[in-house]
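What the coordinates show
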Amino acid sequence: MNLELTETQTLIRDTARKFARERVAPQARRFDREELFAPELFKELASLGLMGVNIPAQYGGAEAGVVSYSLAMMEMAAACASTSVAMAVTNMCAELICKFGTEAQREKYVTRLTSGEAVVGSFALSEPHAGSDPRAMRTTAVRRGDKWVLNGSKQWITSGAYAGVMVVWALTGGQGNKGISAFIVEGGTKGLLIGKHEDKMGLRGSNTVGLTFEDMEIPAENLLGKEGDGFKLAMIALDGGRIGIASQACGVARAALEASVQYSKDRKAFGQPIGEFQGLRFMMANMATELQAAELLTFRAAYLKEEGKPFTREASMAKLYASEMSNRAVDKAVQIHGGYGYIDEFPVERYFRDARVQTIYEGTSEVQRLVIARETFKLLD
Ligand code: CAA
């Protein structure tokens, strides 16, 4: 594995960095405070290729690979974690449809996601009673003629009120993983009801809703992959999604470290900048070291995925370590800022709230440990 970035990776990182710093960062506080989701921003992201970084150009993607995607996510998350999660879920849906969809589905739906026509994508797997254990889902899809009819409800759906394209999971063959299928659903479909916007601790600029399907009819051809393969599709998508969240965690942690270094140079106590005190310098040394370890784990998972090699274990390791690292980093950043870390005049209180969900969504830390143990036992069998 080469640790130097390629020209393409550098270009994507720099494009994402410029946009994140100039267009996104100045609005991040307002997005958070006003719980604002700005659809037009995602159209701009799409025009830069950032809504399909690892999607072939033929379907409107940047065709720049998974390491580029990870770099772009880190840049976006350092500016605004809320924006980065909508970007992550859109990329995840586009990749899933690209990998398992028919040619007609790719042409119709992947291009809508990469072009911004769909605004964003949503990944509707979790349900009120089925989060870590998606095979316990209750939503059903019944075939009636040339339609599938869906009934049930989903919970915690990122961008659910705005997504033009969603991937939705439902039971087609009874309870259990073999009975689950995946479907492509268009936003605005009759029978798709959008629930209340969740009032969250962090990621407040990200839209999170429940969805209800009441006799929602979708065309038969919107089955994604084979009937009964839905659980596997979800697991494969989540493996990739976890690289996205690991990247997000690295981005937020980097922002927290940069803010801490800056503040500790400016703020004086006992006659000198607080950054001269060894106690604080050691905190920032730990933050910098752990951040780099998390970035390397994340790039390794991204590289393996890009090379078409198994990466389930490495994606879970990256997600586990990076999300726990970022929570340690934001906690220290608030501590370094003292009282100013606790008010919204400085961004670290937002980083603190935004990081918290990273050890929960796209698989809790406990689920990541289950996956890492399972894959490690397989390897050493
Ligand atoms: N790739 C391919 N196939 C896989 C797989 C993978 N990574 N993981 C499992 N499978 C297959 C298995 O091979 C098995 O196939 P067979 O039945 O043919 O043998 C099948 O799937 C079932 O596997 P398990 O028995 O291991 O499944 P399980 O029910 O024990 O679950 C789990 C394992 C790891 C706990 C899984 O349920 C899981 O990942 N849970 C967490 C779900 C999650 O991350 N939800 C996040 C919601 S989405 C979100 O947060 C997005 C957002 O909006 C931000």
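Per chain, residues are indexed from 1 in the order of the written sequence. Residue-level local features of this predicted model are given only where pLDDT is at least 70; pairs of side-chain atoms are given and counted only at 80 or more, and the full residue set underlies all totals for whole chains, interfaces and linings. Side-chain numbers come from the whole structure's heavy atoms, not from hydrogens or water.

1. Notes on the overall build of the protein
By the criteria applied, helices consist of DSSP H or I runs no shorter than four residues and strands consist of E runs no shorter than two, each listed in order from the N terminus. If you tally the helices and strands in the protein, you get ten helices and ten strands. Radius of gyration here is computed from C-alpha atoms only, and the compact-globule reference equals 2.2 Å multiplied by the residue count raised to the power 0.38. For a compact globule of 381 residues, the expected C-alpha radius of gyration is about 21 Å, and the protein comes in at 21 Å, within 12% of that figure. Dimensions of the protein, computed from the C-alpha atoms along their principal axes, are close to 80 × 50 × 40 Å. Taking all contacts inside the protein whose residues are at least 6 apart in sequence as the whole, residues at least 24 apart take part in 74%. Counting every atom, the protein has about 16700 Å² of accessible surface; 53% of that belongs to carbon and sulfur. In what follows, residue pairs with any heavy atoms lying within 4.5 Å of each other are defined as contacts. Each accessible area is a Shrake-Rupley estimate made with a 1.4 Å probe; only the visible protein chains count as cover when residues are assessed.

2. Focus on the packing of aromatic side chains
Aromatic pairs are defined between Phe, Tyr and Trp rings, using the six-membered ring for Trp, whenever the two ring centres lie within 6.5 Å; interplanar angles under 30 degrees are classed as stacked, those over 60 as edge-to-face, and all others as tilted. As enumerated under the stated definition, the model contains seven aromatic pairs in all. Look at W148 and F183: their rings are 5.2 Å apart centre to centre, the planes differ by 65 degrees, and that puts the pair in the edge-to-face class. In this pair, W148 is assigned in strand β3 (residues 147–158) and F183 in strand β5 (residues 180–186), connecting sequence segments 35 residues apart. Under the relative-accessibility criterion, W148 is labelled buried at 3%. The interplanar angle of 90 degrees and the centroid separation of 6.2 Å between the aromatic rings of F270 and F277 together place this pair among those described as edge-to-face. Comment: the charge-over-ring label is applied if NZ (Lys) or CZ (Arg) is within 6 Å of the ring centre and within 35 degrees of the ring normal. Above the plane of the ring of F231 lies R135, whose end atom (NZ or CZ) is 5.8 Å from the centre. Classification of residues uses two cut-offs on accessible area relative to the type maximum, computed with a 1.4 Å probe and protein chains only: under 20% is buried, over 50% is exposed, and between them is partly exposed.

3. Here's the deal with the pattern of salt bridges
We define a salt bridge as a contact between a side-chain nitrogen of Lys or Arg and a carboxyl oxygen of Asp or Glu at a distance within 4 Å. According to the stated counting rule, one finds 26 salt bridges in the structure shown. A salt bridge links K18 to E22; the shortest N-O distance between them is 3.2 Å. Here K18 pairs with E22, and both are found in helix α1 (residues 7–34), just four residues apart, close to one helical turn. For K108, the salt bridge goes to E186, with nearest N and O atoms at 3.7 Å. Residue K108 is located in helix α5 (residues 103–115), and its partner E186 is located in strand β5; the two are separated by 78 residues in the primary sequence.

4. Structural notes on the pairing of strand β7 (residues 208–219)
Pairing analysis gives nine bridges linking β3 to β7, with the strands arranged antiparallel. Residue K147 lies in a different strand from β7, and its bridge partner there is P219. Here, strands pair whenever DSSP counts at least two bridges between them. Note that strand β6 (residues 192–197) and β7 share four bridges and pair antiparallel. Counterpart to I194 in the pairing with β7 is L211.

5. Observations concerning the domain arrangement of the protein
Structurally, the protein comprises domain 1 (7–120), domain 2 (122–230) and domain 3 (231–380). The domain boundaries here were taken from an automatic or database domain assignment. Its C-alpha centre places domain 1 at a distance of 20 Å from the equivalent point of domain 3. When two parts are put together, the accessible area they lose, computed with a 1.4 Å probe and summed over both, is reported as buried area. Between domain 1 and domain 3 lies a buried interface of about 2400 Å² when both sides are counted; carbon and sulfur atoms form 61% of it. If you sort the residues of domain 1 by the area they bury against domain 3, V66, M74 and M92 come out on top, with a joint share of 24%.

6. Let's talk about the side chain of K200
Within the secondary structure layout, K200 lies in the loop between β6 and β7. E35 provides the closest opposite charge to the buried, unpaired K200, separated from it by 5.9 Å. Polar contacts here mean pairs of N or O atoms no more than 3.5 Å apart (in protein, one a potential hydrogen donor and the other a potential acceptor; neighbouring residues in sequence count only if both atoms are side-chain atoms). A polar side-chain atom of K200 sits 3.1 Å from the main-chain carbonyl oxygen of L203. The residues touching K200, leaving out its near neighbours within four places in the chain, are S206 and T208. Think of it this way: Lys and Arg go in the positive column, Asp and Glu in the negative one, and His and the chain ends go nowhere.

7. Thoughts on the site of the ligand
Here a residue counts as near a molecule or strand whenever at least one of its heavy atoms sits within 4 Å of it. Within the structure, the ligand sits among 24 residues, and S132, R135, T158, K178 and D239 are positioned closest to it. For the ligand, a nitrogen atom lies 2.8 Å from a polar atom in the backbone of S132. Residue D239 places a side-chain N or O atom 2.8 Å away from a nitrogen atom belonging to the ligand. When the ligand sits alone it has 1100 Å² of accessible area, and the protein chains cover 75% of it. Among the elements of the structure, α6 (230–266) and α10 (365–379) are those that each provide at least two residues to the shell around the ligand. For this classification, the nonpolar set comprises Ala, Val, Leu, Ile, Met, Phe, Trp, Tyr, Cys and Pro, the charged set comprises Asp, Glu, Lys and Arg, and every other residue, Gly included, is treated as polar. By residue class, the composition of the shell around the ligand is ten nonpolar, seven polar and seven charged.

8. Description of helix α7 (residues 278–306)
Between its terminal C-alpha atoms α7 stretches 41 Å, which fits the 42 Å expected from 29 residues at 1.5 Å a residue. Those residues of α7 that sit buried are L280, M284, M287, L291, A294, E295, T298, F299, A301, A302, L304 and K305. Immediately beyond the C-terminal end of α7, within one or two residues, lies G308, with a positive phi of roughly 75 degrees. For a helix, the expected span equals 1.5 Å multiplied by the number of residues minus one.

9. Here we look at the nonpolar core
If you look at the biggest cluster of nonpolar residues, it comprises 74 residues, and the most contacted ones within it are L96, I97, F123, V167, W169, L224 and Y351. Top element by residues in this core is α6. It accounts for 17 residues. For L96, the residues in contact, after removing those within four places along its chain, are G101, F123, V167, W169, L224, L233 and A237. Residues enter a nonpolar core if they are buried and are Ala, Val, Leu, Ile, Met, Phe, Trp, Tyr or Cys, with the set joined through side-chain atoms within 4.5 Å. Judged by nonpolar contacts, the second largest core, of 47 residues, contains A20, A38, V120 and A220.

10. A short note on the packing of helix α3 (residues 65–79) against α7
Contact geometry of α3 with α7 gives a least axis separation of 7 Å together with a crossing angle of 145 degrees. Contacts between α3 and α7 involve G65, V66, V67, S70, L71 and M74 from the former and E295, T298, F299, A302, Y303, K305 and E306 from the latter. Considered class by class, the residues forming the contact of α3 with α7 number seven nonpolar, three polar and three charged. Working convention: axes come from line fits to C-alpha atoms, limited for helices to the stretch in contact. Angles between N-to-C directions cover 0 to 180 degrees.

11. Quick notes on the side chain of R242
Counting through the fold element by element, R242 comes out in helix α6. One buried charged side chain, R242, makes no salt bridge at all; its nearest oppositely charged neighbour is D239, positioned 4.2 Å away. Side-chain polar atoms of R242 contact the backbone oxygen of E362, separated by 2.8 Å. Residue contacts for R242: discarding those within four places in its chain leaves A315, S316, K319, E362, G363, V367, Q368 and V371.

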